[in-house]
Amino acid sequence: MILFAIALTIFLTGFILGPLAFLFWKSAGVSIHLAGSVITNILVKQAIFRSFGLAAATTLSASLIAFPLAYLASFREFPGRKAWDRLLLLPLVAPPFVAAIGMRHILARFGTINLLLMKLPFITHPIDFLGSGLTGIFILQVLHLYPIIYLNLRSSFENLDFSCIEASSSLGAGPWRTFRKILLPLTLPGYFSGAYLVFIWSLTDLGTPLVFDYPTLIPIMIFQSITDIYTNPAGYILIIIVSILSLGLFAAMKRTLAHRSFIGVSRFTSSFERKTLPRGSAALATAGIAILLIISLLPHAGVLLSSLSERWFFTPFPEKISLHYYRSIAIHASARKSLINSLGYSTATAILAGILALSIGYILSRTRFKLRGLIDTITILPMAIPGIVFAFAFLTTFTGTILDPRTSPILLLVLSYALKRLPFAVRAVHANFQQLPLSLEEASANLGATRFLTFRRITFPMLRSGLLAGIILTFAFSMMEVSSSLILVSQESRFPVAKAIYMLAGRITDGPAIASALGVIGMIITLLALYVVSRLSGKRSSISISL
Amino acid sequence: MDRKPFLSAQGISKSFGNTKVLTKVDFSIPQGNLFALLGGSGSGKTTILRILAGFTSPNTGTIHLEDRDITLLPPHARSMAMVFQNFALWPHMTVFENIAYGLHLKKHSSADIKKKVMETLALVRLTETASHYPQTLSGGQQQRVALARALAVEPRVLLMDEPLSNLDPGLREGIRREIRELQQTLGITTIYVTHDRKEAISLADTVALLDTGAIVETGTPFSLYQTPKTITAARFFGELNEISGTVSAQNKPYTEINSSLGNFSVTTYKDLSKGEKVIIGFRPDSLEPTGTKNIITGTIKAIEYQGESLRLSLSCGDLSLIASLPGNVLSSYKQGERIQMGIKTENILLFQETL
């Protein structure tokens, strides 16, 4: 056991701490002078400014959407509440860069909306919805990411000791004051962890700006710097900025929340009745949610339509609907190969992540291994540090070694997928372990079972459904992972789906349509995964832990 | 008790879905009274409290505070502060902030608030914890902070939902006394929900016993314990030996009862007709080995020494009775022994048999 724990520590150090350390060491080699000239470069300055603005605006807007929705779904009763609660998660099924392809069809100068509008008498010129592309990126990110904040808020609201709210009103506080002084502060920890994910996601989203061909953002500049990684220090500088910022934010969040971990402070005893919304307000709420969902799912509809359209030029809707492009995937060598590749990569990733999560969870909660703290910290790192930084670190560390991603990227790719999901999977398994009374295992040992037998017959069966949920989600997310897929793989025969979609979307003829078909397949896989997971656990909480 | 009702409820009914929780509950409470709602789980006691607080609205019925109908008022407009079962102290605020919260709402000046908070803290002897966070305090201290938070706003009515049930048993008695003392000093009208009959008896001016959503009996602790009018109350307030019989004669103040264990003479007078089926009930400590009236004969089935008392399980005919004798007397009872005991006439309760 101890040998296994040591081996695991070495493995984690080697593949998480090691590459990061190497990256920082390399960056430290960039002279101050060079660094200064990079930062003062007008384009770089613009990119930093815009990236931060975008991330801030996205987080803020997603919060503004998620807050009232989560409040309604948690505290008010209205017809169809449970169904809406689930439907609100639908936008998650397509990563923003896939949705972006659909969005272009719907909102472009000669896209569906403009063509429909131009049929009206008073609009003669198409409206430029997408502008330089930044607006489009912003909208897509908000529509894709609000469910993450929504989920976090929902579980915060539901874990709240409701008598704390009632105590406030019994002392004479009106609803608004109770919201501001009691509800908000108590749910801040949950909100922050959601908002942090959204902020970092938006800040380091590589796929969406690539599809919109928008160059002045940090992740794009990092991506482009990879081609001249040995001569151009800009990539390193930007990576360092992003890492310091995200680590700093993460640390700050942990610090503030350290005093604010209220879970378990008081037992949730008080049951409460959801107040039924009056008919008018209920109709209004339902209409609002429906409109939001329709808008959120427009890009998805765009992807679907574009994948089904055999011919679609300058008409609001496709002229001919067929499965032509799905058949093309089978014929088109690189599309077919990418799908097979990704299925393989994701399967390997899911298995690897499952084994890692189970081992780490076991060591953290059931052993007294001395380096538990270290393992815990390393495991959380992929959450604090964006995927793009990891991909970059892998690239710089392993280029020229036996694991060189230019020649054999598979191992690193699978590793980076798995490590990225690791914090979430470990957290879920760890939580499962903690809910499992130790006495169940002690009873087994007491009856003479060995440690291994106890694990196999008692512990593992009780963790199984949680673990399975984690594995399924890991599989789905790996299918559509962007940053590592784009950065680590350069040979076409090894392309994962995300990279194939990116390459196809940039081609003129049938590329975008085939890309859409691949996107739809990815969406279906994600949807199925979310469905199975919600069936497995019966609770939203396990999804929210795993996101 | 002739004072005008301060707080009253009329015809309160409540269902959750198809489950009826309360059926036509009525009560009225004079000002300054401590009114205990006593009942087991599922009796509806907490629902009544939540209806009074305004967290739940009744399906039918009204609530009046003095002469004002407050049935439809939102919780924050009722001036009824609640002490919650789990205390519900806000973990993100210090003890001081927790208590000051309600005062801020009343737009006091900050000097006033400070003074009032410290006064209230002194009342519950927690002045030194003002700057602490509630989760760092012991259960008993948290309980007192919760009480202070409710008292600070000087509510018209104090609502307490099983305030002692989350405390260690050793702490309960002390805090119970403190609550009673504070309540009497401040003269604050209080509704106290509990499932513990000892708590209700020792605290309350008036106790209402609830069972399956209806009030069974209301009265002073003494009357409910010593002279309950219903057999449900008699059973709830302590162990009860029961013997069925029929009325054979009534000569005021005596009622003569005929039963399978012999004839009994009872002073609890009720207007009954001859031949009516009744149940007589008495507490285990009403049986006396030296008694000369109302004699029963039985075989000792089991002997249990409990320190302060000696309990004998008797088998009398087809009935089982319990006798409780003082534990400080050395006795020589043996299992299987046949003995006689008398029941003190004035301690026998009489109930009409209702099926």
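What you are looking at is a predicted structure, and each value in this text was computed from that prediction instead of being measured.

Within chain B, the regular secondary structure consists of 8 helices and 20 strands. Here the analysis covers contacts within chain B between residues at least 6 apart in sequence; of these, 65% occur between residues at least 24 apart. For chain B, the computed accessible surface area is about 16,600 Å², with 50% contributed by carbon and sulfur atoms. Within chain B, one finds 37 positive and 34 negative side-chain charges whose respective centroids are separated by 3 Å.

We now examine the interface of chain B and chain A. The interface of chain B with chain A comprises 27 residues on the first partner and 28 residues on the second. The contact between chain B and chain A buries some 2,200 Å² in all, and 62% of this surface belongs to carbon and sulfur atoms. The largest share of the area that chain B buries against chain A comes from His76(B), His92(B) and Tyr101(B), three residues that together contribute 26% of it. Where chain B meets chain A, there are 1 salt bridge. Of the charged contacts in the structure, one is a salt bridge between Arg50(B) and Glu166(A), with a shortest N-O distance of 2.5 Å.

Next up on the list: the pattern of salt bridges. With the rule as written, the count across this model stands at 17 salt bridges over all chains. Here Glu178(B) makes a salt bridge to Arg125(B), at a shortest N to O gap of 2.6 Å. Linking Glu178(B) in helix 5 (residues 169–186) with Arg125(B) in the loop between helix 3 (110–123) and helix 4 (139–152), this pair joins segments that are 53 residues apart in sequence. What makes Glu178(B) buried here is its relative accessible area of 18%. Several salt bridges share partner residues, and in doing so they unite Asp85(A), Arg154(A) and Glu158(A) into one network.

Turning to the sheet that holds strand 5 (residues 68–69) of chain B, a few remarks are in order. Residue and element names in this part refer to chain B. Strand order in this open sheet of 4 strands is 2-1-4-5, and the pairing throughout is antiparallel. In the strand order of this sheet, the two ends are held by strand 2 (19–30) and strand 5, each with one partner. Relative to strand 5, strand 4 (residues 60–65) runs antiparallel, the two being bridged by 2 bridges. Paired with His64 across the two strands is Asp69, which belongs to strand 5.

What follows covers the packing of aromatic side chains. Residues and elements named next belong to chain A. Following the criterion strictly, the structure yields 21 aromatic pairs over all chains and no others. Taking the centre distance of 5.4 Å and the plane angle of 55 degrees together, the rings of Tyr196 and Phe250 count as tilted. Taken together, the positions of Tyr196 in helix 9 (residues 175–204) and Phe250 in helix 12 (residues 234–258) put the pair 54 residues apart, joining distant regions of the chain. Here Phe250 falls in the buried class, since its relative accessible area comes to 8%. Following the ring pairs from residue to residue traces out a cluster consisting of Phe67, Tyr71, Phe75, Phe157, Phe162, Trp176, Phe179, Tyr191 and Phe192.

This part takes up the packing of helix 15 (residues 333–366) of chain A against helix 16 (residues 372–384) of chain A. All names here are of chain A. The N-to-C vectors of helix 15 and helix 16 enclose an angle of 140 degrees; their axes lie 10 Å apart at closest approach. In this view, helix 15 runs oblique relative to helix 16, as classed from their interaxial angle. Our pair here, helix 15 against helix 16, has a crossing hand that is left-handed. Across from Ile360, Ile363 and Leu364 in helix 15, the residues of helix 16 making contact are Arg372, Ile375, Asp376 and Thr379. Classifying every residue of the contact of helix 15 with helix 16 by side-chain character gives 4 nonpolar, 1 polar and 2 charged.

All names here are of chain A. Inspection of the secondary structure puts Thr474 in helix 20 (residues 451–479). Thr474 sits in the buried class, given a relative accessible area of 2%. Each residue touching Thr474, except ones within four places of it in the same chain, is listed here: Thr349, Ala350, Ala353 and Arg421.

This paragraph deals with the confidence of the model for chain A. Residues and elements named next belong to chain A. Taken residue by residue, chain A gives an average pLDDT of 80. The fraction at 70 or more is 90%. Here helix 24 (residues 540–546) is the element of chain A with the lowest mean pLDDT, 46, and helix 3 (residues 42–75) is the one with the highest, 89. Taken together, the stretch residues 540–547 has pLDDT below 50 and engages in 24 contacts with residues farther than four places along the chain or on a different chain.

A word on empty space enclosed by the protein. Residue and element names in this part refer to chain A. Counted by the stated rule, this structure contains 7 cavities of 30 Å³ or more. In this model, the largest cavity occupies a volume close to 710 Å³. Forming the walls of the largest cavity are 37 residues, and the residues nearest its centre are Trp201, Lys420, Arg421, Phe477 and Glu481. Elements that contribute at least two residues to the lining of the largest cavity include exactly helix 5 (96–107), helix 7 (134–159), helix 9, helix 10 (207–212), helix 16, helix 17 (387–398), helix 18 (410–435) and helix 20. Per-element tally for the lining of the largest cavity: the top contributor is helix 9, with 5 residues. The class makeup of the residues in the lining of the largest cavity is 24 nonpolar, 9 polar and 4 charged.

All names here are of chain B. With respect to topology, 5 strands assemble into an open sheet ordered 15-19-16-17-18, the strand pairing being antiparallel. Both edges of this open sheet fall to strand 15 (287–288) and strand 18 (319–326), since each of them pairs with a single strand only. One ladder, built from 2 bridges, connects strand 15 with strand 19 (residues 338–343); its direction is antiparallel. Considered in strand 19, the bridge of Leu287 is made with Ile343.

Each value, and the rule that gives it
Residues numbered from 1 in each chain as written. Chains lettered and ligands numbered in written order. Predicted model: local features only at pLDDT ≥ 70, side-chain atom pairs only at ≥ 80, totals over all residues. Heavy atoms only, no water. Helix = DSSP H or I, 4+ residues; strand = E, 2+ residues; numbered from the N terminus. Contact = heavy atoms within 4.5 Å. Areas by Shrake-Rupley, 256 points an atom, 1.4 Å probe, with all protein chains shown as cover. Lys, Arg positive; Asp, Glu negative; His and termini not counted. Charge placed at Lys NZ, Arg CZ, Asp CG, Glu CD. Buried area = accessible area lost by both parts, 1.4 Å probe. Salt bridge = Lys/Arg side-chain N within 4 Å of Asp/Glu carboxyl O. Buried < 20%, exposed > 50% of the residue type's maximum accessible area, 1.4 Å probe, protein only. Pairing = 2+ DSSP bridges. Phe/Tyr/Trp six-rings, centres within 6.5 Å; stacked < 30°, edge-to-face > 60°. Axes fitted to C-alpha atoms, helices over the stretch in contact; angles between N-to-C directions. Parallel < 35°, antiparallel > 145°, perpendicular 65-115°, else oblique. Left-handed = near helix turned anticlockwise from the far one by under 90°. Nonpolar A, V, L, I, M, F, W, Y, C, P; charged D, E, K, R; others polar. pLDDT = per-residue confidence, 0-100. 1 Å grid on protein atoms, 1.4 Å probe; cavity = no way out; pocket = protein on both sides within 12 Å on 5 of 7 lines; lining within 4 Å. Points joined across faces, edges and corners; volume = space filled by probe spheres on them.

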